[in-house]
Amino acid sequence: MDDTPDSLAGDSVTAETLARALRDGASVSVLDLRDRDEFEAWGVDAAGVTARQVPHVEFVAAGVTGDPLDPLPDDLADPVVVVCARGAASDDVAATLREHGRRAVNLVGGTAAYAETLLATDLPAPTGVTVRQYQRPASGCLSYLVAVGGDLGAEGGDSGDTEADGDAVVVDPLRAFVDRYRGDAAGLGVEVRTVVDTHVHADHVSGVPALAAATGATPAVPAGATERGLDATPETRLLEDGDTVAVGDRTLRVRHTPGHTHEHVALVGLEHLFSGDALFTTSVGRPDLEAGAGEPARDLAAAAYDSLHDRLLAVPDHTVLAPGHAADVANTRDGAFTARVGDLGFDLLSLSRGAFVDAVSAELPPRPSNFSEIVATNLGRRSMDDDHAFEAELGPNNCAVAGD
C-alpha cells in the first residue's frame, strides 16, 4: 500500500505503534486468527483497516496438506498485520507468510496487548495548564487529566521522587487504567484532587472509586445519579448545575446536560468543554441506554436537544470540545479527538426540535456490549473483577446516535 507507514516495515509491530499508525490514517490489512465470535465482538479496527478472519487451524492444515498461502484472503494487500489473542500463533503464521513471499507483520502480544493500549495526547491549553486526553483504541473511550501547576510538559509516567506542587482533576477515568492516571499525575508533579464521572457509564467500568481510593482524591458524580440508584459513599461529592470544581487556582463549572442520561453533566472551563457523552465531534449521545429493551426514550431525546442548544453550544466558539468517545481511531485532528465548538457542523445540530427527536430516536445501532451489566456495576448493584470488567467493555463505541 502506498500509504503504509515505516513502522510496519519490519517483522513485528507493537500494539501502541500500530494504534498510532491507525490514528494517523494508515491503510492496513489485518488477518485475524481468532475464533469467529471473538472477531465479531471486537478487534483491530479503523477507517483504513481491511480485516478478515481465518481460524489459525486452517493455516496449520494448509501447511501440512497443501499451499500455506491458500487460506489467505485475496483482498488482503501487503503488508498484512497478523493478529491472534496473545501473539504466538500470529507470529508463526506471519513467519510462514514471509517465507512464501508475502510481507507479513506480527502484532506483538496480540489483541490482549491492543486492548491494554492507552494513548495520550496533550491538548492546546492556557499557560500553566495541562489537558491530557487519553485514547483507548480498543473501545473508543476518551478520558482526561486536567492539571494546573506542577512540571508542565513532562512526558508522564511515575517520576518517583517528584514532589507534587500542582493540582489535577481526572474526568471519566477507566478502571483498567487507574495506575496510568496516577503515574502521569506524578510525572507532571501534580496531585489528583478530584475524580469526576460525567454520568453513569454504560460502556466501561468507572475508575472513579478506585482512583479516588488510590490517590485520596474526592470522588464526584452528578447528583442525579442517586436517583438512578447509585449508593454514593459519604465522601462522594454530588455535582449540581452551577457548581464549580477547583483545579489549583482555576475552576471548571458544572452544567447539567440531560439527554444521553438524565443525570449527565458537562464541565466547562480552561477553554475546554468536557462534554462526556452528550456531544461528540460528529454526533450526539444516544438517548436509550437508561431504557429497557423497548422503545428509545423520546423524552431524553428532547432533553438532549435542549442541552445542546441551551448549554453545550452556548459556550464561546473557540472552546475546545473534549468528548468522551470517538468511534473511529482515525478520526483525529493532530492526534487528538477534538474540535472547536464553533466549527461543529454535522446535520443533527441544524434540525428543528421535533426533527431532532425523531432522528436520534430512530435506527439506533446496537447497544454497547454488556451494557446492562456495566451500568449495574457502576451503580454499585453488582461487582465485577478486573479481568471480567476488562473483557466486558471491549468493542466499538455504540454510545453515539451515529458514528462519531
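For the structure itself, consult the block above.
Since the structure is predicted, the reported quantities are computational estimates derived from the model, not experimental observations. (Residues numbered from 1 in each chain as written. Predicted model: local features only at pLDDT ≥ 70, side-chain atom pairs only at ≥ 80, totals over all residues. Heavy atoms only, no water.)

Visitor: Where do I start with the pairing of strand E5 (residues 104-107) in this structure?
Guide: In summary, the side chains of a regular strand alternate between the two faces of the sheet. Alternating positions in E5 separate into two faces, Ala104 and Asn106 on one and Val105 and Leu107 on the other, with burial throughout. In this structure, strand E1 (residues 12-13) lies alongside E5, joined through two bridges in parallel fashion. Bridging from a neighbouring strand, Val13 pairs with Leu107 of E5. Looking at chain direction, strand E4 (residues 80-83) and E5 are connected through three bridges and run parallel. (Buried < 20%, exposed > 50% of the residue type's maximum accessible area, 1.4 Å probe, protein only. Helix = DSSP H or I, 4+ residues; strand = E, 2+ residues; numbered from the N terminus. Pairing = 2+ DSSP bridges.)

Visitor: Before we go on, may I ask you to explain the nonpolar core in this structure?
Guide: Generally speaking, a soluble globular protein has its nonpolar side chains buried in company with each other. If you look at the biggest cluster of nonpolar residues, it comprises 25 residues, and the most contacted ones within it are Leu273, Leu279, Val284 and Phe356. For this core, the elements supplying multiple residues, two or more each, are strand E15 (265-269), helix H8 (298-312) and helix H9 (353-361). It is H8 that contributes the most residues to this core, six residues altogether. Those residues in contact with Val284, other than ones at most four positions away along the chain, are Asp277, Ala278, Leu279, Leu308, Phe346, Leu348, Phe356, Val360, Cys399, Ala400 and Val401. (Core = buried A, V, L, I, M, F, W, Y, C linked by side-chain atoms within 4.5 Å. Contact = heavy atoms within 4.5 Å.)

Visitor: I tried to follow the sheet that holds strand E10 (residues 190-196) on my own but got confused; where do I start?
Guide: Sheet strands associate in pairs through backbone hydrogen bonding, adopting either a parallel or an antiparallel arrangement. With mixed pairing, seven strands are arranged side by side in an open sheet as E6-E7-E8-E9-E10-E11-E12. The open sheet has two edge strands, strand E6 (119-123) and strand E12 (237-239), and neither has a second partner. Averaged over all pairs of adjacent strands, the angle between strand axes in this sheet comes to 25°, irrespective of strand direction. As paired strands, E10 and strand E11 (residues 218-222) are joined by three bridges and run parallel to one another. (Axes fitted to C-alpha atoms, helices over the stretch in contact; angles between N-to-C directions.)

Visitor: For this particular structure, what's the right way to read the pattern of salt bridges?
Guide: Side-chain pairs of opposite charge can arise whenever the charged atoms involved come near each other. Per the stated rule, a full pass over the model turns up 24 salt bridges. Of the charged contacts, one joins Arg286 and Asp288 as a salt bridge, the two residues approaching to 2.6 Å between their closest N and O atoms. Considered together, Arg286 and Asp288 belong to a single accessibility category, that of buried residues. Through salt bridges that share partners, Asp122, Arg132, Arg180 and Asp184 make up one connected network. (Salt bridge = Lys/Arg side-chain N within 4 Å of Asp/Glu carboxyl O.)

Visitor: Would you mind showing me how to read the packing of H8 against H9 here?
Guide: For any two helices packed against each other, the geometry comes down to the angle between their axes and how far apart the axes lie. Following both chains from N to C, one finds H8 and H9 inclined at 125°, their axes separated by 9 Å at the closest point. When the interaxial angle is binned, H8 and H9 end up oblique. Relative to H9, H8 is oriented so that their crossing is right-handed. In this structure, H8 uses Arg298, Ala301, Ala302, Ala304, Tyr305, Asp306 and Leu308 to contact H9, whose residues at the interface are Arg353, Phe356, Val357, Asp358, Val360 and Ser361. Of the residues contributing to the contact of H8 with H9, the split by class is eight nonpolar, one polar and four charged. (Parallel < 35°, antiparallel > 145°, perpendicular 65-115°, else oblique. Left-handed = near helix turned anticlockwise from the far one by under 90°. Nonpolar A, V, L, I, M, F, W, Y, C, P; charged D, E, K, R; others polar.)

Visitor: Would you take a moment to explain the environment of Leu230 for this structure?
Guide: Mapped onto the elements of the fold, Leu230 is located in the loop between E11 and E12. In this structure the C-alpha to C-alpha distance between Leu230 and Gly380, which are 150 residues apart in sequence, comes to 6.4 Å. The contacts of Leu230, once residues within four sequence positions are left out, are Val221, Ala225, Asn378 and Leu379.

Visitor: When you look at the state of the cysteines in this model, what are you seeing that I'm missing?
Guide: Defined simply, a disulfide is a covalent bond joining two cysteines at their sulfur atoms. In this structure the tally under the stated criterion is zero disulfides. Here Cys399 is not disulfide-linked; the sulfur of Cys141 is the nearest cysteine sulfur, at 7.3 Å. (Disulfide = S-S within 2.5 Å.)

Visitor: Looking at this model, I keep getting lost on the packing of aromatic side chains. Mind explaining?
Guide: Note on aromatic pairs: each is described by the distance of the centres and the angle between the planes. Within this structure, the stated rule accounts for three aromatic pairs. Plain terms: the ring middles of Tyr134 and Tyr181 are 5.0 Å apart, the flat faces sit at 90° to each other, and that makes the pair edge-to-face. Placement of the pair is Tyr134 in strand E7 (residues 129-136) and Tyr181 in helix H6 (residues 178-188), with a sequence separation of 47 residues. Taken individually, Tyr134 and Tyr181 each receive the classification buried, so the pair is uniform in this respect. Consider the rings of Tyr305 and Phe356, whose centres lie 5.5 Å apart with planes at 65°: the pair is edge-to-face. Of this pair, Tyr305 sits in helix H8 while Phe356 sits in helix H9, placing them 51 residues apart in sequence. As far as burial versus exposure is concerned, Tyr305 and Phe356 are alike and both buried. The cationic tip of Arg34 hangs over the ring face of Trp42; the distance from NZ or CZ to the ring centre is 5.4 Å. Seen from the ring of Phe390, Arg136 lies directly overhead, with NZ or CZ sitting 4.8 Å from the centre. (Phe/Tyr/Trp six-rings, centres within 6.5 Å; stacked < 30°, edge-to-face > 60°. Lys NZ or Arg CZ within 6 Å of the ring centre and 35° of its normal.)

Visitor: Mind showing me how you'd approach empty space enclosed by the protein here?
Guide: If you roll a probe as big as a water molecule over the atoms, it shows you where there is empty space left. Taken as a whole and assessed by the stated rule, the structure comprises two cavities of 30 Å³ or more. When its volume is computed, the second largest cavity comes out at roughly 50 Å³. Looking at the second largest cavity, the residues that line it are Thr257, Pro258, Gly259, His260, Ala278, Val284, Gly285, Ala304, Ser307, Leu308 and Leu312. Here the lining of the second largest cavity is composed, by residue class, of six nonpolar, five polar and no charged. (1 Å grid on protein atoms, 1.4 Å probe; cavity = no way out; pocket = protein on both sides within 12 Å on 5 of 7 lines; lining within 4 Å. Points joined across faces, edges and corners; volume = space filled by probe spheres on them.)

Visitor: For this particular structure, what's the right way to read H9?
Guide: Taken residue by residue, H9 has Phe356, Val357, Val360 and Ser361 as its buried positions. Mapping the buried residues of H9 onto a view down its axis gives an arc of 115°, with all of them on the same face. Where H9 is buried, its residues contact H8. Where H9 terminates, the next one or two residues include Glu363, which has phi positive at roughly 50°. (Arc of directions from axis to C-beta.)

Visitor: Honestly, the pairing of E15 in this entry has me stumped. Any pointers?
Guide: Buried residues dominate E15, accounting for five of its five residues. Going residue by residue along E15, you find Val265, Leu267 and Gly269 tucked away on one face and Ala266 and Val268 tucked away on the opposite face as well. As paired strands, strand E14 (residues 250-256) and E15 are joined by four bridges and run antiparallel to one another. Bridge pairing links Arg253 to Val268 in E15. Judged from the three bridges that link them, E15 and strand E16 (residues 272-276) form a sheet pairing that is antiparallel. Along E16, the bridge assignment pairs Leu267 with Phe274. Counted along the chain from E15 to the antiparallel partner E16, the turn is two residues long, and its residue Leu270 has a positive phi close to 55°.

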